[in-house]
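Okay, here's what each chain looks like letter by letter:
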Amino acid sequence: MSNTDNSTNQIGLEKAEMSQVIDKLNGLLSSYHTFYINVRGYHWNVKGEHFFSLHPKFEELYTALQLQIDEIAERILTLGGTPLHAYSDFSQHTSIKEDKNVKDGNTCVKGVVTGLQMLIEEQRQASALAAESDDQGSADLVDAYVQEQEKLVWMYNAFLG
């Protein structure tokens, strides 16, 4: 498929519509980075009776987030955009607040649940915008994350009782 029409990107989607999707995905990318940093902090700093169960769970989570960050950035590139890649940009576009110096296991888990809930909400918005723009690839990408993260919310909430 060659792109002879300057109004579409390399995969045949309207550039004008994709600019909104790219902006939404860059916001999501920023939120993912902030959440990733929070989860790394939980992993490093968690203390208490649940250390041995939470420490590896947080590592599992931030490892998955790292892969998702890369997939979101690559999707932005596929759509013809430039992924944000500076912390100063992330801090301006994230929906997630930094969570510093948290050590208590339950407080860390509550931070994970809150972060996941924020990502889920942001991804639902991104999916709806992408679907409206006939960008099934972006919608499918974030929909898969939502499904996985909804299960994680349930599991972490079960831990909290």
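Structure: above.
Residues numbered from 1 in each chain as written. Predicted model: local features only at pLDDT ≥ 70, side-chain atom pairs only at ≥ 80, totals over all residues. Heavy atoms only, no water.

Focus: the overall build of the protein chain
Move 1: Regarding its fold elements, the protein chain presents five helices and zero strands.
Move 2: Ordering the α and β elements of the protein chain from the N terminus gives α-α-α-α-α.
Move 3: On the principal axes, the C-alpha backbone points of the protein chain span a range of 60 × 30 × 20 Å.
Move 4: Residues classed as buried in the protein chain amount to 43% of the 161 residues present.
Move 5: Pairs at least 24 residues apart make up 78% of the contacts formed inside the protein chain by residues separated by at least 6 positions.
Move 6: In the structure as shown, the protein chain presents an accessible area of about 8900 Å², 51% of it carried by carbon and sulfur atoms.
Move 7: Of note, the protein chain has its 12 positive side-chain charges centred 10 Å away from the centre of its 23 negative side-chain charges. (Helix = DSSP H or I, 4+ residues; strand = E, 2+ residues; numbered from the N terminus. Buried < 20%, exposed > 50% of the residue type's maximum accessible area, 1.4 Å probe, protein only. Contact = heavy atoms within 4.5 Å. Areas by Shrake-Rupley, 256 points an atom, 1.4 Å probe, with all protein chains shown as cover. Lys, Arg positive; Asp, Glu negative; His and termini not counted. Charge placed at Lys NZ, Arg CZ, Asp CG, Glu CD.)

Details of the pattern of salt bridges
Move 1: Here the structure, examined in full by the defined rule, presents three salt bridges.
Move 2: A salt bridge links Asp 135 to Arg 75, with the shortest nitrogen-to-oxygen separation between them at 2.5 Å. Of the two residues, Asp 135 sits in the loop between α4 (105–132) and α5 (136–160) while Arg 75 sits in helix α2 (residues 51–78), which places them 60 residues apart along the sequence.
Move 3: Look at Arg 75 and you get buried, because its relative accessible area is 16%.
Move 4: The partner of Arg 124 in a salt bridge is Glu 150, and the shortest N-O contact between them spans 2.6 Å. Placement of Arg 124 in helix α4 and of Glu 150 in helix α5 is noted, with a sequence separation of 26 residues between them. (Salt bridge = Lys/Arg side-chain N within 4 Å of Asp/Glu carboxyl O.)

Observations regarding the packing of aromatic side chains
Move 1: If you walk through the whole model with that rule in mind, you get five aromatic pairs.
Move 2: Aromatic side chains Tyr 36 and Tyr 62 sit 5.9 Å apart centroid to centroid with 90 degrees between the ring planes, which places their arrangement in the edge-to-face category. Within this pair, whereas Tyr 36 is found in helix α1 (residues 15–45), its partner Tyr 62 is found in helix α2, the two being separated by 26 residues in sequence. The burial state of Tyr 36 is the same as that of Tyr 62; both residues are buried.
Move 3: Seen from their ring centres, Phe 51 and Phe 52 are 5.2 Å apart, and the 80 degrees between their planes marks the pair as edge-to-face.
Move 4: Taking relative accessible area as the criterion, Phe 51 reaches 27% and is therefore assigned partly exposed.
Move 5: Directly above the aromatic system of Tyr 62 lies the positively charged group of Arg 40, at a separation of 4.1 Å from the ring centroid. (Phe/Tyr/Trp six-rings, centres within 6.5 Å; stacked < 30°, edge-to-face > 60°. Lys NZ or Arg CZ within 6 Å of the ring centre and 35° of its normal.)

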